[in-house]
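# Structural description and commentary
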Amino acid sequence: MRVVMASTRLAGTDGVSLEAAKMREVLRAAGHEVWYLAGELDPDEEQGVLVPEMHFARPEVRAFTERAFAGEGHDPQLTREIEEAGVRLAARLEPVFEELRPELLVVQNAWAIPMHLPLALALWRLVQRRRLSAVSHNHDYPWERPRFARTHVRPLLDRYFPPDHAVVQLSINSIAQRELEERRGLDSLLLPNVMDYDRSPPGFDAFNADFRETLGIRPEQLLLLQPTRVIPRKRIELAVDLAAELAARDPVLLVSHAAGDEGQDYRRGLETYAAERRVDLRFASEYVAPRRRFAGQHKVYSLWDAYLHADFVTYPSRYEGFGNAMLEAVWMNKPLLIGRYPVYLADIRPKGFRFVEVEDRITPEVVAGVTRLLDDAELRQSVVEHNRALARRHFGYDALRKVTRTALEQAQARAKEVRWPA
């Protein structure tokens, strides 16, 4: 089957792009041909079509988003403008669909989080016109984010985020699954984020051996890795507080991902706070990327290279759709500090994982839990082995294969059953 996977962005290390890549891997292994279609692709993407108008960061798209979520009360004029933009974008995408001739469309989050309102309309218009089987892999629903709580385009959200029963819905956690049913009357398959735990993690080699040296981190320094984007809900200030409490170990707090998706104010605030607490905070997105490469005169290491050199991983988030950094840290056999966010409490913690948990502040108990794992190699090894065995059982590729196969079967069946508009 020829599958087109569409989103605003399928590049870099954000959670949507990472999970899309895993689904593509599973689909390809099952014999399907998979094409990416997005407003941003990785430079070395070989089977993708780049359509810049699909990116959420374009000025005209941001303008729609800002107006749509600036207050409450239906705005018919704005709704018309967004619908017209959706029609234009559908016309722009029509030749791409004609060339790729997809048999199945998998929409990665563009029918869930309203970052690009016209794109959601355009994709639905194409599905209807071409009577396509479709799956909506929903990582964030609009009601999960406070910034989308007030809107002037409520009818559009109710109609397209996500679309109706003709599309097979995938929810990434049980809370979202339940909310979708209660708010929209839509059922969904539960597909948690996953990792390939049957595959061994990478090790040290000639390329990554100088990671610390390149970033100016001495061998004896404690390296805390915050493997997330720089946005407020990640609560990186708690990682700063942990580093401050571990000052005797001369720590470096390394943030691997870039800032910018939600502006630079949070990063600037972190820099100020770290300086006040005398914490060595480094932002390393210039040196860390999904895949290794050279950028001019310096190396760009993979995210796995950063994990390898880390002593401890920090992930004190207030909210996550699931928790990719948790899955990654477990795969890389690293101990983890984790925030007690709702999905963690609902879907992950009950499995029996052994992490150091943090609520709203770094307490003496949290510091003691971290130092115990840092100082006791035997305990640390038993903890990471325990966590990896649990993750393989509950969040491995077997779960992805099973749910993806079911979703494809349901999508094909629904496309035949639905009464498409003439």
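For the chain, an unreviewed UniProt entry supplies the name Glycosyltransferase involved in cell wall biosynthesis and the organism Oceanithermus desulfurans.

From N to C terminus, the chain includes 15 helices and 16 strands. Expected size for 422 residues packed as a compact globule is a radius of gyration near 22 Å; at 22 Å, the chain falls within 12% of this value. Once the C-alpha set of the chain is aligned to its principal axes, its extents read approximately 70 × 45 × 45 Å. Within the span of the chain, comprising 422 residues, buried residues form 56% of the whole. The long-range share in the chain, meaning contacts at least 24 apart out of those at least 6 apart in sequence, stands at 73%. Total accessible area on the chain stands at roughly 18300 Å², and carbon and sulfur atoms take up 48% of it. Mean positive and mean negative side-chain charge positions of the chain (59 and 62 charges, respectively) differ by 2 Å.

Looking now at the sheet that holds strand 5 (residues 133–138). Within the open sheet, the seven strands sit side by side as 3-2-1-4-5-6-7. Their pairing is parallel. The open sheet terminates on both sides in strands that have one partner only, identified here as strand 3 (48–50) and strand 7 (189–190). Where strand 4 (residues 104–108) lies against strand 5, five bridges are found, and the strand directions are parallel. Along strand 5, the bridge assignment pairs Leu104 with Ser133. Together, strand 6 (168–171) and strand 7 form the strand contacts of helix 6 (residues 174–184), whose direction differs from that of strand 6 by roughly 140 degrees.

Next up on the list: the sheet that holds strand 14 (residues 312–315). An order of 10-9-8-14-15-16 is seen for the six strands of this open sheet, with the pairing classed as parallel. On the outer flanks of this sheet lie strand 10 (280–283) and strand 16 (356–358), each paired with one strand and no other. Going across the sheet, the axis of each strand differs from the next one's by a mean of 25 degrees, ignoring polarity. Strand direction decides the pairing type here: strand 9 (residues 252–255) and strand 10, joined by four bridges, are parallel.

A few words on the packing of aromatic side chains. For any pair of aromatic rings, the description consists of the separation of the ring centres together with the inter-plane angle of the planes. Within the structure shown, the criterion is met by 14 aromatic pairs. With centroids separated by 6.1 Å and ring planes inclined at 75 degrees, the aromatic side chains of Trp111 and Trp124 adopt a geometry described as edge-to-face. In this pair, Trp111 is assigned in the loop between strand 4 and helix 4 (117–130) and Trp124 in helix 4, connecting sequence segments 13 residues apart. You can call Trp124 buried: its relative accessible area is 7%. On the basis of an interplanar angle of 80 degrees and a centroid distance of 5.0 Å, the ring pair of Phe211 and Tyr301 is categorised as edge-to-face. With Phe211 in helix 7 (residues 211–214) and Tyr301 in strand 13 (residues 298–302), the pair connects residues that are 90 residues apart, well separated along the chain. With a relative accessible area of 0%, Phe211 lands in the buried category.

Now for the pairing of strand 6. Covered by surrounding structure in strand 6 are Val168 and Leu170 together with Gln169 and Ser171, the residues of both alternating faces. In this structure, strand 5 lies alongside strand 6, joined through four bridges in parallel fashion. Paired with Val135 across the strands is Val168, a residue of strand 6. Of the crossover connections in this fold, the one passing from strand 5 over helix 5 (residues 154–160) to the parallel strand 6 is right-handed. Strand direction decides the pairing type here: strand 6 and strand 7, joined by two bridges, are parallel. Among the inter-strand pairings, Leu170 is bridged to a residue of strand 7, identified as Leu189.

This part takes up the packing of helix 13 (residues 364–375) against helix 14 (residues 377–395). Following both chains from N to C, one finds helix 13 and helix 14 inclined at 105 degrees, their axes separated by 5 Å at the closest point. By the criterion of interaxial angle, the relationship of helix 13 to helix 14 is roughly perpendicular. Only Ala377, Leu379, Arg380 and Val383 of helix 14 make contact with helix 13, whose side of the interface consists of Arg372, Leu373, Leu374 and Asp375.

With respect to the helices, strands and loops of the structure, Asn173 is situated in the loop between strand 6 and helix 6. A polar contact of 2.7 Å, which involves the side chain of Asn173, links it to the backbone nitrogen of Ala176. The contact partners of Asn173, leaving out residues within four places of it in the chain, are Leu190, Gly321, Val343 and Asp347.

Another point: the layout of surface pockets. To find leftover empty space, one rolls a probe the size of a water molecule over the atoms. Its volume calculated, the largest pocket comes out at about 830 Å³. Lining the largest pocket are 28 residues, and of these Leu18, Ala21, Glu25, Arg291 and Trp304 sit closest to its centre. Counting only elements with at least two residues in the lining of the largest pocket, the list comes to helix 1 (15–29), helix 10 (303–309) and helix 11 (324–331). Split by residue class, the lining of the largest pocket holds twelve nonpolar, four polar and twelve charged.

Quick notes on the rules
- Residues numbered from 1 in each chain as written.
- Predicted model: local features only at pLDDT ≥ 70, side-chain atom pairs only at ≥ 80, totals over all residues.
- Heavy atoms only, no water.
- Helix = DSSP H or I, 4+ residues; strand = E, 2+ residues; numbered from the N terminus.
- Rg over C-alpha atoms; globule rule 2.2 N^0.38 Å.
- Buried < 20%, exposed > 50% of the residue type's maximum accessible area, 1.4 Å probe, protein only.
- Contact = heavy atoms within 4.5 Å.
- Areas by Shrake-Rupley, 256 points an atom, 1.4 Å probe, with all protein chains shown as cover.
- Lys, Arg positive; Asp, Glu negative; His and termini not counted.
- Charge placed at Lys NZ, Arg CZ, Asp CG, Glu CD.
- Pairing = 2+ DSSP bridges.
- Axes fitted to C-alpha atoms, helices over the stretch in contact; angles between N-to-C directions.
- Phe/Tyr/Trp six-rings, centres within 6.5 Å; stacked < 30°, edge-to-face > 60°.
- Right-handed = clockwise from strand over helix to strand, strands pointing away.
- Parallel < 35°, antiparallel > 145°, perpendicular 65-115°, else oblique.
- Polar contact = N/O pair within 3.5 Å; in protein donor to acceptor, adjacent residues only side chain to side chain.
- 1 Å grid on protein atoms, 1.4 Å probe; cavity = no way out; pocket = protein on both sides within 12 Å on 5 of 7 lines; lining within 4 Å.
- Points joined across faces, edges and corners; volume = space filled by probe spheres on them.
- Nonpolar A, V, L, I, M, F, W, Y, C, P; charged D, E, K, R; others polar.

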